[in-house]
Amino acid sequence: MNLHEYQSKKLLKSYQIDIPNGQIISSQIPDSIKLHLKKNTAFVFKSQIHAGGRGKSGGVELINNLKDAEDFISNQLGSKLKTYQNLPHGQPVNKILVEEKIAIERELYFSILIDRQTESIIILCSTEGGTEIEDTAKKNENLIFKEYISVGEFPTEQQINNLSKKLKISIETYLEFKNFLQNAFKLFLEKDLSLMEVNPLIISKNNKIVALDCKISLDDNALFKHETLRDSFDWSQVDEKEAEAHRAGLNYIALEGTIGCMVNGAGLAMATMDLIKHSGGLPANFLDVGGGASAETVSKAFKILLSDKNVRVVLVNIFGGIMRCDLIADGIVSAIKDVGIKIPIVVRLEGTNVEIGKKILDQSKLNITSADSLSDAAKQAVLFSKA
Ligand code: GDP
Ligand code: MN
């Protein structure tokens, strides 16, 4: 689960990490800021979306007068900001963070992440802050410095010292750097993060270490421990269909293809998508309706699938293990009638009472093609998708 920059910074602050003074706005510029702008005080205006690369796409601007501030607000608020990270759709800007402008001496890159390969936590730093770390990794890998920390341990004085030297932190700033790093690490562990990226982490003209930007991802499996954070998730940042599926208790991920998939079980859903691709088609989504899919769930799932205008055919692949196939077939038929589906539906049922189930589908007189096997179903669906 991702947090917005302003939410991430609030967490940093609660761990004694320095951030610029700021205010979050969602409609008008408050009078206090207007007053300063009239005197040409500079602020940084930052559109809040779950993606980086905003600086290069007009989502972060240095502003020192009321006219520019008002232009920025009216251009950004309510619009979709596209950056290289969230193409092709972009994400809506509903909030803007207005911060004091900090005079930067140096921009560093700092992140903490989990490395599955070494089963440890990595602290990754670079002298090349402010730019995309992927670029630095490609161009000049030896400007990226890493320290590995085993699970249950903390960065040692030696490790902190190593990073500090490589980042060319001055002796006067060392203690502050050490405090920053230890607090960031503590936050990473205590809030069960999977990623914390501070880019740039800056050294200011007056030798302070300040987090100018921050991206935090929490481990979804640990969210039950952090209710307040979990509830602060901004659903406007994900695909509308995915948000609705989540509310309906469905596991849905939107994709780019034309074949809508309704499957029970994540493994079966993946196998179905593989077979569609193997047969020359492209799935429009991943959808796991779960083990005990009811007629209502199936109906809701159809609605979500069909709200994707690219979908030209729906492939239903359900294994009736816990549920009986005749009940599932009833559910499919009533869902189709309920939703009023006009595109072809290919259904592959397997499991208990499969023959009765197929009969129900055949007798429904709806635009349903009943398939005998999964590969048969995939082939049929691909044919329809190209018709
Ligand atoms: P991103 O492009 O989405 O990663 O957004 P950032 O928050 O990293 O902002 C982009 C760039 O704006 C930073 O790398 C800084 O160079 C610049 N910037 C942001 N805040 C300040 C500030 O307070 N002072 C100055 N001088 N520059 C800033
Ligand atoms: Mn950044």
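Quick caveat: nothing in here was measured; it's all calculated off a predicted structure.

(A) Expanded view of the environment of Leu175. Within the secondary structure layout, Leu175 lies in helix H6 (residues 171-190). Taking the C-alpha atoms as reference, Leu175 lies 9.9 Å from Ser164; in sequence the two are eleven residues apart.

(B) Representation of unusual backbone geometry within the structure. Geometrically, the link from Leu87 to Pro88 is a cis peptide bond, its omega value of 5° lying close to zero. In this structure, Pro200 follows Asn199 across a cis peptide bond, with omega equal to 10°. With respect to the helices and strands, Pro200 occurs in strand S10 (residues 193-204). Located in the positive-phi region is Asn40, a residue other than glycine, with phi close to 65°. One can find Asn40 in the loop between helix H2 (31-38) and strand S2 (43-47).

(C) Layout of the packing of helix H11 (residues 325-339) against helix H12 (residues 354-363). Axis separation between H11 and H12 bottoms out at 7 Å; the angle between their running directions is 20°. Viewed along their axes, H11 and H12 adopt a mutual orientation that is roughly parallel. In terms of crossing hand, the pair formed by H11 and H12 is right-handed. Taking contact as the criterion, the partners of Cys325, Asp326, Ala329, Asp330, Ile332 and Val333 in H11 are, on H12, Val354, Ile356, Gly357, Ile360 and Leu361. Here the contact of H11 with H12 is composed, by residue class, of eight nonpolar, one polar and two charged.

(D) Looking closely at the packing of aromatic side chains. Summed over all chains, the structure comprises four aromatic pairs. Both rings, one in Phe110 and one in Phe180, keep their centres 4.8 Å apart while their planes meet at 70°; by these two values the pair is edge-to-face. Here Phe110 is found in strand S7 (residues 104-115), whereas its partner Phe180 is found in helix H6, with 70 residues between them in sequence. Of the two residues, Phe110 and Phe180, both sit in the buried class. When the ring of Phe233 is compared with that of Trp235, the centres are 4.9 Å apart and the planes differ by 85°; the resulting orientation is edge-to-face.

(E) Highlighting the coordination of the manganese ion (ligand 2). Coordination of the manganese ion (ligand 2) by the protein comes from Asn199 (O) and Asp213 (OD), over a distance range of 2.2 Å. With Asn199 in strand S10 and Asp213 in the loop between strand S11 (209-211) and strand S12 (215-218), this pair connects stretches of sequence that are 14 residues apart. Note on accessibility: Asn199 and Asp213 belong to one class, buried.

(F) A look at the site of ligand 1. Neighbouring ligand 1 are 17 residues, the closest being Lys46, Arg54, Gly55, Ile102 and Glu107. A distance of 2.6 Å separates an oxygen atom of ligand 1 from a polar atom in the side chain of Lys46. One of the side-chain N or O atoms of Glu107 is found 3.0 Å from an oxygen atom in ligand 1. Across the complex, the protein chains shield 81% of the 570 Å² of accessible surface that ligand 1 would expose by itself. Secondary-structure elements contributing two or more residues to the shell around ligand 1 are S2, S7 and S10.

(G) Region of interest: the sheet that holds S2. Strand order in the open sheet made by the four strands is S1-S6-S2-S3, with antiparallel pairing throughout. At either end of the open sheet lies a strand with only one pairing partner, and these are strand S1 (22-25) and strand S3 (60-63). The average angle at which neighbouring strand axes cross in this sheet is 20°, direction not considered. As judged from the four bridges shared by S2 and S3, these two strands associate in the antiparallel manner. Note on S3: the bridge partner recorded for Val44 is Leu62. On top of the sheet, helix H1 (residues 5-14) reaches S1, S2 and strand S6 (96-100); it is set at about 50° to S6, its chief contact.

(H) Layout of the packing of H2 against helix H3 (residues 66-76). Relative to each other, H2 and H3 sit at 135°, their axes nearing to 8 Å. Taken together, H2 and H3 sit at an angle that is classed as oblique. In this structure, H2 contributes Lys34, Leu37 and Lys38 to the contact, and H3 contributes Leu66, Ala69 and Glu70. Across the contact of H2 with H3, the residue classes break down as three nonpolar, no polar and three charged.

(I) Structural detail: the side chain of His4. With respect to the element layout, His4 can be found in the segment before H1. By relative accessible area, His4 is classed as buried at 3%. At 2.8 Å, the side chain of His4 and the side chain of Asp234 are in polar contact. When neighbours within four sequence positions are excluded, His4 is seen to be in contact with Gln48, Ile49, His50, Asp234 and Gln237.

(J) Looking closely at the domain arrangement of the protein chain. Along its sequence, the protein chain is carved into domain 1 (21-100), domain 2 (104-231) and domain 3 (238-385). Computed over C-alpha atoms, the centres of domain 1 and domain 2 are 26 Å apart. Contacts between domain 1 and domain 2 engage five residues on the former and four residues on the latter. Our count for the domain 1 to domain 2 interface comes out at two salt bridges. One salt bridge in this structure joins Asp213 and Arg54, with 3.2 Å as the shortest N-O distance.

(K) Representation of the pattern of salt bridges. The full count for this structure, using the stated rule, is 17 salt bridges. When the shortest N-O distance is used, the salt bridge between Glu99 and Lys9 registers 2.7 Å. Here the residue Glu99 occupies a position in strand S6, and Lys9 occupies one in helix H1, the gap between them amounting to 90 residues. By the burial criterion, Glu99 is buried, and Lys9 matches it. The partner of Lys186 in a salt bridge is Glu190, and the shortest N-O contact between them spans 3.7 Å. Of this pair, Lys186 and Glu190 are both found in helix H6, four residues apart, which corresponds to roughly one turn of the helix. Sharing partners across several salt bridges, the network here consists of Glu5, Lys9, Lys46, Arg54, Glu99 and Asp213.

Criteria and cut-off values
- Residues numbered from 1 in each chain as written.
- Chains lettered and ligands numbered in written order.
- Predicted model: local features only at pLDDT ≥ 70, side-chain atom pairs only at ≥ 80, totals over all residues.
- Heavy atoms only, no water.
- Helix = DSSP H or I, 4+ residues; strand = E, 2+ residues; numbered from the N terminus.
- Axes fitted to C-alpha atoms, helices over the stretch in contact; angles between N-to-C directions.
- Parallel < 35°, antiparallel > 145°, perpendicular 65-115°, else oblique.
- Left-handed = near helix turned anticlockwise from the far one by under 90°.
- Contact = heavy atoms within 4.5 Å.
- Nonpolar A, V, L, I, M, F, W, Y, C, P; charged D, E, K, R; others polar.
- Phe/Tyr/Trp six-rings, centres within 6.5 Å; stacked < 30°, edge-to-face > 60°.
- Buried < 20%, exposed > 50% of the residue type's maximum accessible area, 1.4 Å probe, protein only.
- Donors = N, O, S within 2.8 Å, 3.2 Å for Na, K, Ca; no water.
- Near = heavy atom within 4 Å.
- Polar contact = N/O pair within 3.5 Å; in protein donor to acceptor, adjacent residues only side chain to side chain.
- Areas by Shrake-Rupley, 256 points an atom, 1.4 Å probe, with all protein chains shown as cover.
- Pairing = 2+ DSSP bridges.
- Domains from an automatic or database assignment.
- Salt bridge = Lys/Arg side-chain N within 4 Å of Asp/Glu carboxyl O.

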